[in-house]
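Here is how the chains run, residue by residue.
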Amino acid sequence: QFGRPLPKTFEDRQFMGEYDRPFSEAEMEYQEQMLDKHRLKQERKKPPRFNNVYFRTPTCGGNRWSTRPPRTYPVHWKMRPERRERLAGVGVAG
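Residues numbered from 1 in each chain as written. Predicted model: local features only at pLDDT ≥ 70, side-chain atom pairs only at ≥ 80, totals over all residues. Heavy atoms only, no water.

**Q** How do you make sense of the overall build of the protein chain when you look at a structure like this?
**A** Counting secondary structure elements, the protein chain contains three helices and two strands. Put simply, the protein chain runs from its N terminus to its C terminus through helices and strands in the order α-α-β-β-α. Long-range pairs, those at least 24 residues apart, make up 0% of the contacts in the protein chain with a sequence separation of at least 6. Accessible area of the protein chain: about 10200 Å², with a carbon and sulfur share of 54%. (Helix = DSSP H or I, 4+ residues; strand = E, 2+ residues; numbered from the N terminus. Contact = heavy atoms within 4.5 Å. Areas by Shrake-Rupley, 256 points an atom, 1.4 Å probe, with all protein chains shown as cover.)

Here you go:
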């Protein structure tokens, strides 16, 4: 078939028959499962979303771009009273 010589012996014929015959149902199912598995791997996933990122100096150890604030990070910012009044309600959820 396709320019190849005909098999001379029964063993050659049996060997070539494995490649010339169409796939069986079980082989087709197996091939479909493998393709589905490969398609799932190729799906693009969105990267995780980071809301707050803190830059840490590289000497402190750990991740430089951490999502948790370092221990030295001020919890309560010092602010002038007039600025606090001006910004009252800004950035507050609800």
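Moving on, there is more to tell.
**Q** Teacher, can you tell me more about the pattern of salt bridges here?
**A** Per the stated rule, a full pass over the model turns up two salt bridges. The residue arginine 39 makes a salt bridge to aspartate 36 at a minimum N-O spacing of 2.7 Å. Placement of the pair is arginine 39 and aspartate 36 together in helix 2 (residues 25-42), with a separation of three residues, close to one helical turn. For aspartate 36, a relative accessible area of 35% corresponds to the partly exposed category. Residue glutamate 82 pairs with arginine 80 through a salt bridge whose shortest N-O separation is 3.0 Å. (Salt bridge = Lys/Arg side-chain N within 4 Å of Asp/Glu carboxyl O. Buried < 20%, exposed > 50% of the residue type's maximum accessible area, 1.4 Å probe, protein only.)

**Q** Mind showing me how you'd approach the confidence of the model for the protein chain here?
**A** As a general rule, the predicted coordinates of low-pLDDT regions are not to be interpreted in detail. Looking at the protein chain, pLDDT values average 80 and 87% of them are 70 or higher. The lowest-confidence element of the protein chain is strand 1 (residues 54-55), averaging 70 in pLDDT; the highest-confidence one is helix 2, averaging 93. (pLDDT = per-residue confidence, 0-100.)

**Q** In this structure, what is going on with a nonpolar patch on the surface? I would like to understand it.
**A** A contiguous nonpolar surface patch, about 350 Å² in accessible area, is contributed by Phe50, Val53 and Trp65. Positionally, tryptophan 65 belongs in strand 2 (residues 65-66). The exposed category is assigned to tryptophan 65, whose relative accessible area is 53%. (Patch = residues over 30% accessible without salt bridge, like charges linked within 9 Å, V, L, I, M, F, W, Y side chains within 5 Å.)

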